[in-house]
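# Architecture at a glance
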Amino acid sequence: MWYVIQVSTGKEEQILEMIKKYGVQEYLEECFIPKYERRRKYLGQWQTERAVLFPGYIFIISDQIEDAYAALKQIPKLTKVIGVGETWTAMSKEDIEIVEYLSGKDRLVRFSEGYIEGNRVTVVSGALQGLEGTICKIDRHKRLAWLEMEMFGRKTRFEVGLEIVRKEGVTHEP
């Protein structure tokens, strides 16, 4: 079963290292932080870097969540395993499929490229192919797109890398 651990935003890597240090991994099949590729300009050159896809969250896969949680409670700065009350709630099949579709086995959302024709976005390469309908905002200068999807029982908005290589014939609706 897949679960989500809430941690302080920006502390994901630190907590992941603590999970290894405190021996929690014996109760886990996998523990990971989904990331995405983005491009940033440094000294006039575009560089590809990685960023956390869901800031403030670490994903775990475990069939021993009770034992894993008991071990996780030793870790300082750990917020909580997401759930309802005292019950840990596993991720839904649909949420798992979204994370796996976007990030694959290496848990990395690859940079995408596309174009805009009229008011329509078409993604020609990368993880966003087929997900054009979930794009709610594009920042062409920063080479980012924001997706909005139903995940974790609510509408979730997150950013991923997308370069628009051309834009043609934009029409404005009255």
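Everything that follows concerns the structure shown earlier in this document.
Attention here is on the structure that accompanies the text. Computed from a prediction, not measured in an experiment: that's the story for all the values here.

### Examining the packing of aromatic side chains
Applying the stated criterion to the full structure yields six aromatic pairs. Geometrically, the ring pair formed by tryptophan 2 and phenylalanine 32 is edge-to-face, given 5.6 Å between the ring centres and 80° between the ring planes. In this pair, tryptophan 2 is assigned in strand β1 (residues 2-7) and phenylalanine 32 in strand β2 (residues 30-32), connecting sequence segments 30 residues apart. Accessibility classification places tryptophan 2 together with phenylalanine 32 in one group, the buried group. Taken together, the aromatic side chains of Trp2, Phe32, Phe54, Phe59, Phe152 and Phe158 make up a single cluster linked through ring pairs. Over the ring of phenylalanine 111 we find arginine 39; its NZ or CZ atom is 3.8 Å from the centre of that ring.

### As for the sheet that holds strand β13 (residues 144-151)
One open sheet holds the five strands; their spatial order is β11-β10-β14-β13-β12, and the pairing between them is mixed. A single partner strand is all that each edge strand has here, and the edge strands are β11 (120-125) and β12 (135-139). Each adjacent strand pair in this sheet contributes to an overall mean axis angle of 40°, direction not counted. Pairing geometry for strand β10 (residues 112-117) and β11, over five bridges, is antiparallel. Within the sheet, the bridge partner assigned to isoleucine 116 lies in β11 and is valine 121.

### Considerations on unusual backbone geometry
The backbone phi angle of arginine 107 is positive, close to 60°, even though this residue is not glycine. By secondary structure assignment, the location of arginine 107 is in the loop between α3 (93-103) and β9 (108-109). Among the residues examined, arginine 107 registers a relative accessible area of 9% and is labelled buried.

### Examining α3
Residues of α3 that are buried: Asp95, Ile96, Val99, Leu102 and Ser103. Projected down its long axis, α3 carries its buried residues within an arc of 140°, all on one side. Tucked inside the fold, the buried residues of α3 contact β1, β5 (57-61), β9, β13 and β14 (154-168). One or two steps after α3, the chain reaches glycine 104, where phi turns positive at roughly 65°.

### With respect to the side chain of serine 103
Examined against the element boundaries, serine 103 turns out to sit in helix α3. The contacts of serine 103, once residues within four sequence positions are left out, are Leu108 and Val109.

The rules behind these values
Residues numbered from 1 in each chain as written. Predicted model: local features only at pLDDT ≥ 70, side-chain atom pairs only at ≥ 80, totals over all residues. Heavy atoms only, no water. Phe/Tyr/Trp six-rings, centres within 6.5 Å; stacked < 30°, edge-to-face > 60°. Helix = DSSP H or I, 4+ residues; strand = E, 2+ residues; numbered from the N terminus. Buried < 20%, exposed > 50% of the residue type's maximum accessible area, 1.4 Å probe, protein only. Lys NZ or Arg CZ within 6 Å of the ring centre and 35° of its normal. Pairing = 2+ DSSP bridges. Axes fitted to C-alpha atoms, helices over the stretch in contact; angles between N-to-C directions. Arc of directions from axis to C-beta. Contact = heavy atoms within 4.5 Å.

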